[in-house]
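Here are the chains, one letter per residue:
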Amino acid sequence: MAKTKILVVEDEGIIARDLQNVLTGLGYVVSAVVSSGEAAVEQAAQTRPDLVLMDIVLDGEIDGIEAAEQIRIRFDIPVIFLTAYADEKMLKRAKVTEPFGYLLKPFEDRELSTNIEMALYKHQMEKKLRESEKQLEVFFSQSLDGCFFMMLDEPVQWDDTVDKERVLDYVFAHQRITKINEAMLAQYRASREQLLSLTPNDFFAHNLSQGRAIWRMFFDQGRLHIETNEQKLDGTPMWIEGEYVCLYDEQGRITGHFGIQREITERKQAEKALHQQNRNLALLNQVGQTLAATLDFTQVIEQFLRAVSQMTNAEGSSVWLWDTVRPTKMPDQEGELVCQAILFNDQYNFAPDLRLPSGQGIADWVAQSGQSTIVTNVQDDPLFFPGIDRQTGVCTVSLLAVPLWVRGKVVGVLEVINKLDGNFNKDDRALVETLAASAAIAIDNARLLEQAHLDAETKATLLNEVNHRVKNNLASIMGILALEMDRPYREVTDFRATLQDLQNRIQGLATVHDLLSASQWSPLPLEKLVTEVIWAALSSSPIRHKIEVTATRSGRIEPVREQLAEPLLITPKQATGLALVINELTTNSIKHAFLEQDQGRIEVDITVEDEDDRQVRLQFRDDGPGWPDEVLRDEDESIGLRLVRMTVRSPLRGQLALYNEAGAVAIVTFKLAPPD
């Protein structure tokens, strides 16, 4: 270890030589001995000693005190003063230079050694402290989190002996921001001048009771990690997550606190959105179960409206259906829209006599155009018909209206009014459209049931079939929703994609529903079912006009829209299951086979393997890149393929095989059930 170098500044030669000998004997290295202040500064610059022993009274233009000041400022070298004088005036001058020792001549060797070691240690500690403070300052100023000190004008006692409410009164008026970094300025959208000296009264002006409760808990615990709802200086609300630590003096009184915090507004909003989406999926599942459990028209409408209003956080909702009893006289119009029921402020009213004149109102436009619409302010929309508000006493401000489609026709309109937490948006529209797709079928079937009751003797058989098949359809929807409920959602885009998939699957069920309804719920031609479901699924593809579809039976190729001779008949129960399978396979081709293509091809081959046993082999093929390896290894857990496998097992009671050959190939083998 290198020896300590000491510069001796003494203008009396005998004393200087004696001091040099003593230092050498104590194990120090004397870097130089000089007799003037100017020489001391020069030697300090050249030799950079570890310590300077400085006589105060020196010959020359500057004395020892002034020389020590320059050495301290320029080189940060500790100085011990040596003097035979101890007058008060000189001591005051010496103190200004912040010396590390003061020895009165004469002094003992041991006293000299002790002062030198103490000075070196003190200087080393102060240097480390300055380095530490510098590092802390860098952390404070460059931290991405907001950092600040908030100090009290006077320390306060905080224990059970004081009136804590009175102490809080003082704190909220006299604890101020004293130091703050750029990150916190950005959080509050403020300048340094705007935040410095602000008090708790300023920060919690929007909610003083909340602020006082937080401060009381903070002072009780001494430190606090908390998420708080605050405001920026411009009034914008924000969420803050922070860690705060109380600062104390020697008497244990609180002098202020240090805080580090970050804004978490986006995280809170995302958590709220994901919570709402999971809640909506649960409600979708619940509504699906309710609609499947009853065909009572009033119950279906009420459950539907309550679910819609709850999921969109709206003040009210209503269902309007075309009047089938009193149509207008114009042959090209559907008739008047009749309000079936209104739910407003959680009050349900059955309102069959409320009518919207033909050609008037936003609902009429939606029913005529078949398009959904969002109106932020109805007073700005010329289509708005205020007569309904006058009759009901409702004040409509904003609305979301979606058409109710059944068998390719609009049967009515759902209106949702006055969103309570902002404006209706595209997520609300997608959610309501999804619910409306399944509810429209339930509403239509409930109306069919009511109509059928008027002629029960002649339509008893048909009613039983409708009831049975509708429950099967709704049970399928419930199964799809249950599969989606098992799937975790992390992003808003996942939820939107799920809604789109749900709409596609419900559309497939709607297609087979239309075919069965048109056939009076009799067995359907297998080839017609397959091709109609394929074309219905392809309607969502942007390249649908460039996709070639061919159907083959027993080696004979037929145009897909031609009626094949001697059709194979499939029962309504099996038709619903097969429609789900074909819809999923077609949707898979749209998503994966044709994703990066501007055209495509789907081939379907139907073969009767055993005429007596009615064993059918249906091969579905596209010209895409083929199934991924994980699918062929049965490791894929996608909802679509799970649905295909489950449906092939039941109700088709068949087998599924997947392989690749110039594209993805799926073979479904099952036995056609005999017609009832």
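It should be emphasised that the depicted structure is a prediction, and the values quoted were computed from it without experimental measurement. (Residues numbered from 1 in each chain as written. Predicted model: local features only at pLDDT ≥ 70, side-chain atom pairs only at ≥ 80, totals over all residues. Heavy atoms only, no water.)

Along the backbone of the protein chain there are 21 helices and 24 strands. Once local pairs closer than 6 in sequence are excluded, the contacts in the protein chain between residues at least 24 apart make up 64%. Summed over all atoms, the accessible surface of the protein chain reaches about 34,200 Å², with 49% contributed by carbon and sulfur. (Helix = DSSP H or I, 4+ residues; strand = E, 2+ residues; numbered from the N terminus. Contact = heavy atoms within 4.5 Å. Areas by Shrake-Rupley, 256 points an atom, 1.4 Å probe, with all protein chains shown as cover.)

Per the counting criterion, the structure on display carries six cavities of 30 Å³ or more. In terms of lining residues, the largest cavity is bounded by 21 residues, among which Trp-320, Ile-388, Asp-389, Thr-396 and Glu-415 are the most central. Those elements giving two or more residues to the lining of the largest cavity turn out to be strand E11 (314-322), strand E12 (337-344), helix H13 (362-369), helix H14 (387-392) and strand E16 (409-419). Here the lining of the largest cavity takes four residues from E11, the largest share from any one element. Looking at side-chain class alone, the lining of the largest cavity contains 13 nonpolar, six polar and two charged residues. Of the voids in this model, the second largest cavity is the one considered here, and its volume is about 190 Å³. Surrounding the second largest cavity, 16 residues form its lining, Phe-148, Phe-204, Trp-215, Glu-230 and Tyr-244 being those nearest its centre. Only strand E6 (146-156), helix H7 (182-188), helix H10 (208-221), strand E8 (223-231) and strand E10 (254-263) provide two or more residues apiece to the lining of the second largest cavity. For the lining of the second largest cavity, the residue count by class is twelve nonpolar, three polar and one charged. (1 Å grid on protein atoms, 1.4 Å probe; cavity = no way out; pocket = protein on both sides within 12 Å on 5 of 7 lines; lining within 4 Å. Points joined across faces, edges and corners; volume = space filled by probe spheres on them. Nonpolar A, V, L, I, M, F, W, Y, C, P; charged D, E, K, R; others polar.)

When E6 meets E10, the two strands line up antiparallel, connected through seven bridges. Of the residues in E10, the one forming a bridge with Cys-147 is Ile-260. Taken together, strand E9 (residues 237-248) and the strand that follows it, E10, pair antiparallel across an intervening segment of five residues, in which Gly-252 is found at a positive phi of about 80°. (Pairing = 2+ DSSP bridges.)

Another point: the nonpolar core. Counting 44 residues, the largest nonpolar core has Leu-529, Ile-534, Ile-570 and Leu-578 as its most contacted members. Elements that contribute at least two residues to this core include exactly helix H17 (492-518), helix H18 (526-538), strand E18 (547-553), helix H19 (572-593), strand E21 (600-610), strand E22 (615-622), helix H21 (639-649) and strand E24 (664-671). A total of eight residues in this core trace back to one element, the largest contributor, which is H19. Ile-570 has contacts with Pro-523, Leu-524, Leu-526, Leu-529, Ala-575, Leu-578, Phe-670 and Leu-672, leaving out every residue within four places of it along the chain. (Core = buried A, V, L, I, M, F, W, Y, C linked by side-chain atoms within 4.5 Å. Buried < 20%, exposed > 50% of the residue type's maximum accessible area, 1.4 Å probe, protein only.)

The terminal C-alpha atoms of H18 lie 19 Å apart, and with 13 residues this matches the ideal 18 Å at 1.5 Å per residue to within 8%. Of all 13 residues in H18, ten are buried; the element is thus mostly enclosed. Listed in full, the buried residues belonging to H18 are Leu-526, Glu-527, Leu-529, Val-530, Thr-531, Val-533, Ile-534, Ala-536, Ala-537 and Leu-538. (Expected span 1.5 Å × (residues − 1).)

Here we take up a negative patch on the surface. A surface patch of like charges, here negative, comprises Asp-18, Glu-108, Asp-109 and Glu-111. As for its placement among the helices and strands, Glu-108 is situated in the loop between strand E5 (101-104) and helix H5 (109-142). Using a relative accessible area of 60% as the deciding quantity, one classes Glu-108 as exposed. (Patch = residues over 30% accessible without salt bridge, like charges linked within 9 Å, V, L, I, M, F, W, Y side chains within 5 Å. Salt bridge = Lys/Arg side-chain N within 4 Å of Asp/Glu carboxyl O. Lys, Arg positive; Asp, Glu negative; His and termini not counted. Charge placed at Lys NZ, Arg CZ, Asp CG, Glu CD.)

Turning next to unusual backbone geometry. Cis peptide bonds are those with omega within 30 degrees of zero, and the linkage from Lys-105 to Pro-106 qualifies with -5°. With respect to the helices and strands, the residue Pro-106 is situated in the loop between E5 and H5. The backbone phi angle of Asp-76 is positive, close to 55°, even though this residue is not glycine. For Asp-76, the position within the fold is in the loop between helix H3 (64-75) and strand E4 (79-83). Backbone geometry at Arg-407 places phi at a positive 50°, although glycine is not the residue there.

A few words now on the sheet that holds strand E1 (residues 5-9). Strand order in this open sheet of five strands is E2-E1-E3-E4-E5, and the pairing throughout is parallel. One side of each edge strand has no neighbouring strand; the edge strands of this open sheet are strand E2 (29-34) and E5. Adjacent strand axes in the sheet meet at a mean angle of 20° when their direction is disregarded. As judged from the five bridges shared by E1 and E2, these two strands associate in the parallel manner. By the bridge assignment for E2, Val-8 is matched with Val-33. (Axes fitted to C-alpha atoms, helices over the stretch in contact; angles between N-to-C directions.)

The next subject is the environment of Glu-10. Assignment of secondary structure puts Glu-10 in the loop between E1 and helix H1 (13-25). Judged by its relative accessible area of 2%, Glu-10 is buried. Between the C-alpha atom of Glu-10 and that of Ser-36, which follows or precedes it by 26 residues, the distance is 7.4 Å. The contacts of Glu-10, once residues within four sequence positions are left out, are Ile-15, Ala-16, Val-34, Ser-35, Asp-55 and Lys-105. There is a polar contact of 2.7 Å between the side chain of Glu-10 and the side chain of Lys-105. (Polar contact = N/O pair within 3.5 Å; in protein donor to acceptor, adjacent residues only side chain to side chain.)

Across all of its chains, the model carries nine aromatic pairs by this definition. Plain terms: the ring middles of Phe-81 and Tyr-102 are 6.3 Å apart, the flat faces sit at 70° to each other, and that makes the pair edge-to-face. Here Phe-81, found in strand E4, pairs with Tyr-102, found in strand E5; they are 21 residues apart in sequence, far enough to count as distant. Residue Phe-81 is classed as buried on the basis of its relative accessible area, which comes to 0%. What makes Tyr-102 partly exposed here is its relative accessible area of 24%. When the centroid spacing of 5.4 Å and the interplanar angle of 70° are considered together, the rings of Phe-172 and Trp-215 count as edge-to-face. Of the two residues, Phe-172 sits in helix H6 (residues 164-174) while Trp-215 sits in helix H10, which places them 43 residues apart along the sequence. Owing to a relative accessible area of 8%, Trp-215 belongs among the buried residues under this scheme. What links up through ring pairs into an aromatic cluster is the set Phe-148, Trp-158, Phe-218, Phe-219 and Tyr-244. Sitting over the face of the ring of Phe-100, Lys-122 holds its NZ or CZ atom 5.4 Å from the ring centroid. (Phe/Tyr/Trp six-rings, centres within 6.5 Å; stacked < 30°, edge-to-face > 60°. Lys NZ or Arg CZ within 6 Å of the ring centre and 35° of its normal.)

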